[in-house]
Amino acid sequence: HQTNGLFKNYELAACKGLSRENYDKFFADSGGRGYDEARAVCAGCRALVPCRDYAIASEEYGFWGGLSPDQRVDIRGFHIPDPDDVGSLESEATP
């Protein structure tokens, strides 16, 4: 992933420096077989735990830290709101 060092030990990440074609596999359209190759990269990653922690707290899309978006929602219990949608939700709630 192109995280620009957003989590500790990113320099050790197995996905760092992947080609565009391989990087795109972390953002497959389906959570099923679409993430198999990304899952294989994560399996041997030395930065798996900090990446997973970062993703659970901060990422809505893509395969991060060995987890699909649906798996992260199951762990955290909610979707991360899109910042563009938050403003419209706040204005709807204001009388």
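Parameters at a glance
Residues numbered from 1 in each chain as written. Predicted model: local features only at pLDDT ≥ 70, side-chain atom pairs only at ≥ 80, totals over all residues. Heavy atoms only, no water. Helix = DSSP H or I, 4+ residues; strand = E, 2+ residues; numbered from the N terminus. Buried < 20%, exposed > 50% of the residue type's maximum accessible area, 1.4 Å probe, protein only. Contact = heavy atoms within 4.5 Å. Areas by Shrake-Rupley, 256 points an atom, 1.4 Å probe, with all protein chains shown as cover. Core = buried A, V, L, I, M, F, W, Y, C linked by side-chain atoms within 4.5 Å. Lys, Arg positive; Asp, Glu negative; His and termini not counted. Salt bridge = Lys/Arg side-chain N within 4 Å of Asp/Glu carboxyl O. Phe/Tyr/Trp six-rings, centres within 6.5 Å; stacked < 30°, edge-to-face > 60°.

A. Summary view of the overall build of the protein. Along the protein, the regular secondary structure elements total five helices and zero strands. In the protein, the order of α-helices and β-strands from amino to carboxyl end is α-α-α-α-α. Taking all 95 residues of the protein together, 33% fall into the buried category. At a minimum sequence separation of 6, the contacts of the protein that also span at least 24 residues come to 38%. In the structure as shown, the protein presents an accessible area of about 6,100 Å², 51% of it carried by carbon and sulfur atoms.

B. How the structure looks around the nonpolar core. Counting residues in hydrophobic clusters, the biggest one holds 15 residues, and the most contacted among them are Phe7, Ala13, Phe26, Ala47, Phe63 and Trp64. The set of elements that each furnish at least two residues to this core consists of helix H2 (36–43) and helix H3 (48–58). Residue contributions to this core peak at three residues, all from H3.

C. Structural context of the side chain of Arg72. Its location among the elements puts Arg72 in helix H4 (residues 69–76). Within the buried set, Arg72 has no salt-bridge partner at all; the shortest N-O distance to an opposite charge, 5.8 Å, is to Glu59. Residue contacts for Arg72: discarding those within four places in its chain leaves Ala55, Ile56, Glu59, Glu60, Tyr61, Gly62, Phe63, Trp64, Leu67 and Gly77.

D. Molecular detail of the environment of Cys42. Along the chain, Cys42 turns up in helix H2. Here Cys42 falls in the buried class, since its relative accessible area comes to 8%. As a C-alpha pair, Cys42 and Arg52 span ten residues in sequence and 9.9 Å in three-dimensional space. When sequence neighbours within four positions are dropped, the list of residues in contact with Cys42 reads Phe26, Leu48, Phe63, Gly65 and Gly66.

E. Region of interest: the packing of aromatic side chains. Evaluated as defined, the whole model comprises three aromatic pairs. Ring centres 5.5 Å apart and planes at 50° place the aromatic pair Tyr23 and Phe27 in the tilted group. The buried category is assigned to Tyr23, whose relative accessible area is 14%. Its relative accessible area of 32% is what places Phe27 among the partly exposed residues. Relative to Phe63, the ring of Tyr35 lies with its centre 5.2 Å away and its plane at 35°, an arrangement referred to as tilted. Here Phe63 lies in the loop between H3 and H4 and Tyr35 lies in the loop between helix H1 (20–24) and H2, a separation of 28 residues in the sequence. When its relative accessible area of 0% is taken as the criterion, Phe63 is described as buried.

F. Layout of H3. Among all positions in H3, only Pro50, Cys51, Tyr54, Ala55 and Ile56 are buried. For H3, the secondary structure elements touched by its buried residues are H4.

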